[in-house]
Every structure is written in structure tokens, then in C-alpha cells.
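Listed here are the chains, written in short residue letters.
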Amino acid sequence: MCGIVGYIGYEQAGPFLLDGLEKLEYRGYDSAGVCLNNGSELVVKKAKGKLEVLKKMTENGSTLSGTVGIGHTRWATHGEPSDVNAHPHLSESGRFAVVHNGIIENYQQLKEYLTAKGIEFRSMTDTEVIAQLIEYYYKGNLIDTVIKVLGKLEGSYALGVISKENPDEIIAVRKESPLIIGLGENENFIASDVTAILSKTRTIYRLENNEIAILNRDGVKIINTDKDEVIKQTETVEWDVSAAEKGGYEHFMFKEIMEQPKAIRDTISPRINNGRVILDEIKLTPEEIKQFNRINIIACGSAYHVGVVAKYIFEKMLRIPVEADLASEFRYRDPIINDKVLTIVISQSGETADTKEAMKEAQRRGSHVISIVNVVGSAIAIESDDVIYTWAGPETSVATTKAYSTQLAVIYLIALYFGDILGTIVSDEYSALVEKLEQLPDKVTEILDNKEKIQYLASKYFNSKDIFFIGRNIDYALSLEGSLKLKEISYIHSEAYAAGELKHGTISLIEQGTPVIALVTHEELIGKIVSNIEEVKTRGAEVMCIACDDHPEIANIAQTVFIPKVCDMLLPSLAVVPLQLFAYYVASLKGCDIDKPRNLAKSVTVE
Ligand code: F6R
């Protein structure tokens with residue numbers, strides 16, 4: 001979704017703004033722009049399309065003069081992607097400029113009100129009303145005006161505001177959309193996330209809802225909407241700068257696939273001590289854990305697919321009913337949730353609007369929420385009752401890989417921790433599972449070391465029109481992820497089907513040469529899925545299997561990628577890797593923009 005960056009200091013702001021916007025590209029966008037105060041006026045440069053266009057227009061920011069400025073990458077919501085709808089937006093006289101992430105829900109009423117007062121709008125965006133309102137209410141004090149305008153806005157926003165009148169100030173505000181403040185030496189920054197400013201500083205404030213930051217060259221003051229000063233602790237960002245860069249790989253996605261063994265190890269290791277799973281993050285007592293009669297998992301996209309895997313694992317290992325819910329459905333269906341239901345919320349960014357609102361809905365109904373989040377200090381992490389961080393490091397590719405794998409790792413930890421308390425996992429089984437869990441990163445490495453076969457299979461199928469994924473039980477949950485990964489980055493139509501369900505309709509789509517990827521790892525149902533493979537082969541499908549290396553006979557049925565055999569609970573972490581690689585290689589062969597697939601955003605902060 002949209003990205004914001006801002007600079008105030010003594011250096012030329014343009015090159016930094018362009019660089020910061022480049023770091024935010026991964027969030028997804030369709031236009032980009034900057035506005036600088038050049039000492040006498042606000043100058044805006046903006047353009048539809050890739051950042052490259054803006055870079056050329058401004059020679060990487062070097063032709064822009066001024067030491068204070070704001071920049072933005074826009075992911076269109078109100079109004080098509082175009083030069084005029086791109087941010088920053090100026091007020092009518094050009095005295096105020098605004099960048100905005102989020103949605104102003106009552107913008108239409110505000111626009112009508114201002115239009116009736118004779119103010120002319122240039123764009124179709126909701127954001128422009130903010131710039132126009134600031135000018136309309138401005139009586140000489142920008143802070144007072146911004147506070148007044150905030151009182152008129154409904155919806156979510158992170159805002160950066162500069163003005164011609166106040167050349168030594170950036171005002172930044174946050175409500176429901178992420179925004180951080182970076183603190184430097186004689187220079188300060190705003191950004192949607194730390195990657196944009198890591199090259200300059202690691203010391204940050206995370207703005208919370210309704211906090212207003214006033215940035216000057218020499219300091220930052222944070223106030224609330226009553227103008228009381230808010231004293232905040234600074235945070236030091238531990239992320240390695242190189243972790244947020246490609247490090248010699250062609251794409252972030254590939255780099256992040258390759259980082260999975262480390263990411264899984266970083267997530268698991270600190271939580272295993274002497275063969276026991278320690279989850280200090282969960283503040284529930286064993287008695288409270290025993291009171292739950294259902295687990296409710298809420299997430300979107302790939303994080304939801306982790307939830308579907310978790311449903312199979314928890315039900316089998318904890319003998320407790322589990323529902324995995326799409327956040328966007330959960331929040332509007334009057335869900336039956338109370339204090340006997342434990343809610344687990346899964347989100348890489350911790351800012352996904354639907355997931356966050358669904359979490360609040362569950363909390364309102366009395367449910368205790370444990371979140372599994374990657375971005376430290378994000379809204380979901382802060383607002384959930386307990387947070388278990390995945391230590392995947394920054395994930396830049398829009399298509400998630402290492403975040404998915406670390407979320408799965410946390411699911412295993414929770415299964416073991418709860419299973420021990422509930423007495424559903426006996427001690428021998430517990431010890432064996434913990435031991436295997438610790439070996440998991442090495443098993444993932446084994447698969448990554450043998451990726452050539454997957455590359456070869458991708459070269460056979462990259463021209464396909466449709467590709468189907470089938471599986472049963474956890475393999476079905478995984479096929480959902482395999483199919484999403486493929487379609488989002490390669491634009492090949494794909495569907496995932498529970499293998500037993502195929503013949504109830506979708507099998508009619510199978511014709512001569514249709515590729516079908518069959519997951520054949522779930523020991524108990526191998527016979528069943530083999531029958532389903534025969535059904536599609538008979539109708540002309542070209543099948544590729546993912547199977548465990550203790551079943552070499554699967555290679556007689558179809559071309560097969562083998563993964564090391566581990567216990568059922570941990571297999572998803574291995575089986576997903578060939579699926580990620582397959583999607584990656586197919587998209588690469590098709591020449592797709594892998595890290596920034598069309599229409600997609602990394603952090604979906606609108607519902
Ligand atoms: C797919 C993908 C998305 C996200 C989804 C949720 O590769 O990355 O489907 O999983 O948008 O995002 P988070 O986890 O940030 O809540």
C-alpha cells in the first residue's frame with residue numbers, strides 16, 4: 001500500500017526522498033511523487049507509473065532544491081492511477097502539501113462542503129480534501145489547524161504535511177496507518193516503515209494513534225490532539241541494513257526463500273530450552289488455557305493459509321475444535337465468539353486493516369488474542385493481548401515466503417506448548433517432536449540445495465494457461481499456498497482443490513496437457529490422493545508430485561520432487577519450499593516483475 005517518506009535537515013532533500021521511496025517500492029504502488037519547499041514555494045513533481053519515471057524527471061532528486069520535503073508512493077483507491085491523482089496534493093493556493101496513507105471515509109461530504117465554499121479540486125482523491133481543509137481553516141498556526149482538520153476526518157490515515165508558511169517544519173500524524181519518526185543528527189525523518197530511513201538512522205519513534213509529531217531540523221516534539229506533550233521512548237532498530245537489500249540476488253523473493261533456514265532457526269531457537277518449548281510471550285496460565293473450548297484463527301492471504309494448516313495440526317494434536325477464518329469475512333458475520341474462545345491472529349506486517357479490525361471484534365466479544373506478527377511494534381502486535389514475534393527479519397518481496405515459514409514455526413511451538421499443558425501430547429512424542437523441530441532448518445536447506453529439478457519442471461510449465469494444485473488434509477492447506485504463490489507472481493490462472501472435491505465440478509476443466517501439481521506427503525491419505533492423481537491423468541492432466549523420499553514409488557506415477565521425510569506436523573515447512581521455488585522460477589521465465597506483482601501491495605492497510 002502507499003508509502004510515505006519525509007526529510008528535514010541541512011542537506012538537499014531530493015536524493016534522500018527518491019532513495020526512501022525506492023526502499024518503499026515493495027509495498028506496492030502505481031504512481032509516485034515528492035514535494036519540496038525550495039525556500040520560496042512548494043514544488044511538486046509526480047508521475048504515474050514506476051518510480052523510474054520520477055527519478056528520470058528529477059535526475060534522482062538532484063534537480064530538486066530544498067532541505068525539507070515529503071514523498072509518496074500511491075496505491076490507488078479513490079481515483080485511477082494518474083499524474084494528477086498521485087501524491088503529494090497541494091491546497092488550492094499551493095501553500096500546503098499533504099501525503100497520505102489510508103482512507104478518508106467521509107471525504108465526499110467534506111469535498112461537497114468545500115466545493116460549496118468555492119474551492120476547486122484538481123484530483124479524484126480523498127487526500128486532496130485534507131490539503132484543502134488545512135488551507136480553509138488556516139489562521140496562522142499550522143498545528144492548531146491540523147488538529148482542527150483531524151477532528152473533521154473519519155477513517156484511517158498517516159499524514160505528512162509541509163507548508164510554504166512554515167519552512168522549518170514537517171507535521172506527521174497517525175491514526176490506524178503506520179508511521180515512524182527517524183531521529184538523526186541535525187536531520188529528522190518520517191516514513192511508513194524503517195526500511196526507508198535505515199541508511200540514515202536506527203533511532204526511531206513509533207507514532208501511536210492520534211499522536212502528532214512536529215519535526216524541525218534539530219528535534220522532534222510529539223503531542224496529542226489536546227496539544228499536551230507526549231513523552232515517548234525511542235527504539236533502536238536492530239535490523240541489518242543488508243537484510244533489507246538484495247545482497248547479490250536478482251530478486252528479494254529468491255533471497256527470502258533462501259533465507260528460510262535462518263529465519264526458522266531464529267524463530268524457534270530462542271524458544272526451546274533443554275528440550276522444552278518456552279513461550280513466555282503467552283501470559284495465559286495453564287488453567288486459563290484449559291478453559292478454552294475452541295480456537296479461532298483470523299488472517300488474510302498467505303497468513304490465512306498458515307491458519308488452515310494450523311487447523312489440521314491443532315485439531316489433531318490438541319483435540320480442540322479450530323476455525324480458520326478470513327479476516328474480511330469474520331468481521332462482518334456476527335461471529336460467535338466469547339471468552340471461552342482463544343483467538344490467534346496471524347500477520348506479517350501487523351498492519352493489515354481487515355485482520356486488525358477482526359482482531360478488535362474478537363476482543364470486543366471477550367476473546368483473548370494471541371498474535372503472530374513479524375513487524376515489531378506494529379498495530380496488531382501492540383493491540384493484541386499477547387504477541388509472539390516471528391524473527392524472519394524484513395520481508396520485502398510482496399509474495400511472502402520466509403514470513404509464511406516462520407508463522408508455521410510458531411504454530412508448531414504453540415501446538416507443543418498447548419499439547420503439553422492439555423496433556424494431549426505424551427512426553428515421548430513431545431521430546432521427539434521438539435528434536436525434529438530443531439532439525440527443521442537443516443531439512444529446508446537440503447531442499448534448497450536441490451532446487452534444479454524444480455527449475456526444470458518450471459521450464460516445462462511456464463507457458464501454461466492454467467495450473468491446478470491438489471492435496472488432502474494438510475496437503476490441501478499447502479496447495480492453497482502453492483496456488484496463490486504461483487498466480488500472484490506469474491499471472492497464470494491457478495486453483496487449489498481438496499483432491500476429493502475435484503470430481504464434484506472442477507475436474508471438468510482438466511483437459512489434455514493441463515498441469516496438475518499433486519501434494520502427496522500426508523502419509524495416512526497417500527492411497528486416496530494417488531487415486532485422485534489417476535483420475536486427472538485419465539483425463540489428460542500432466543501431473544507433477546511433491547512427495548516424501550520414503551515413497552520412491554510415487555515417481556512411477558508422475559514426475560516427482562522428493563522432500564525429506566519428517567513427522568506429519570512439520571511436513572508443511574518442507575513441502576511449501578518446492579511450491580515457492582516453482583512459482584518463482586515460472587514467474588522468472590515469464591519475465592514478470594516478481595517482487596512487485598501488478599495490483600498488489602505488501603501491507604494492505606485498507607479494507
Ligand atoms: C501473499 C501475501 C499476502 C499476505 C496477506 C496478509 O504472498 O503475502 O496474501 O499474506 O496480504 O498480509 P499480512 O501477513 O501482512 O497480514
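Below: a short report on this structure. The model shown is predicted, which means the values in this text are computed figures rather than measured ones.

Side chains that differ in sign of charge can pair as their charged atoms come close. According to the stated counting rule, one finds 38 salt bridges in the structure shown. Salt-bridge contacts for E361 lead to R364; the nearest nitrogen and oxygen are separated by 3.0 Å. Taken as a pair, E361 and R364 lie in helix α11 (residues 353–364) at a separation of 3 residues, close to a single helical turn. Classification of E361 as buried rests on a relative accessible area of 13%. A relative accessible area of 58% means that R364 is categorised as exposed. The network of salt bridges with common partners includes E176, K356, E357, K360 and E383.

Before going further, it helps to examine the packing of helix α15 (residues 452–461) against helix α18 (residues 571–589). For the pair α15 and α18, interaxial distance at closest approach is 8 Å and the crossing angle is 50°. One finds that α15 runs oblique with respect to α18. The interaxial crossing formed by α15 with α18 has right-handed handedness. Residue-level inspection shows I454, Q455, L457, A458, S459 and Y461 of α15 in contact with α18, the latter providing P578, L581, F582, Y585, V586 and L589.

Glancing now at the packing of helix α7 (residues 260–268) against helix α13 (residues 402–422). One can describe the packing of α7 onto α13 by two numbers: an axis separation of 9 Å at closest approach and a directional angle of 30°. For the pair α7 and α13, the crossing hand works out as right-handed. Residues Q260, A263, I264, T267 and I268 of α7 form the contact with α13, whose own contacting residues are K402, S405, T406, A409, V410 and L413. Considered class by class, the residues forming the contact of α7 with α13 number 6 nonpolar, 4 polar and 1 charged.

A separate point is the sheet that holds strand β18 (residues 322–326). Across the sheet, which stays open at both edges, the 5 strands sit in the order β18-β17-β19-β20-β21 with parallel pairing between neighbours. The sheet terminates laterally at β18 and β21 (386–389), the two strands that pair on one side only. On average, adjacent strands in this sheet sit at an angle of 20° to one another, irrespective of strand direction. Taken together, the 5 bridges between strand β17 (residues 294–299) and strand β19 (residues 341–347) define a ladder with parallel strand orientation. Note that in β19 the partner of N296 across the bridge is T343.

Okay, the sheet that holds strand β12 (residues 211–215) next. One open sheet holds the 6 strands; their spatial order is β5-β6-β7-β8-β12-β13, and the pairing between them is antiparallel. Looking at which strands have only one partner, the edges of the open sheet turn out to be β5 (89–90) and β13 (220–223). Inspection of the sheet shows β5 paired to strand β6 (residues 96–104) by 2 bridges, in the antiparallel sense. Of the residues in β6, the one forming a bridge with H89 is V98.

Reading guide: rules and limits
Residues numbered from 1 in each chain as written. Predicted model: local features only at pLDDT ≥ 70, side-chain atom pairs only at ≥ 80, totals over all residues. Heavy atoms only, no water. Salt bridge = Lys/Arg side-chain N within 4 Å of Asp/Glu carboxyl O. Helix = DSSP H or I, 4+ residues; strand = E, 2+ residues; numbered from the N terminus. Buried < 20%, exposed > 50% of the residue type's maximum accessible area, 1.4 Å probe, protein only. Axes fitted to C-alpha atoms, helices over the stretch in contact; angles between N-to-C directions. Parallel < 35°, antiparallel > 145°, perpendicular 65-115°, else oblique. Left-handed = near helix turned anticlockwise from the far one by under 90°. Contact = heavy atoms within 4.5 Å. Nonpolar A, V, L, I, M, F, W, Y, C, P; charged D, E, K, R; others polar. Pairing = 2+ DSSP bridges.

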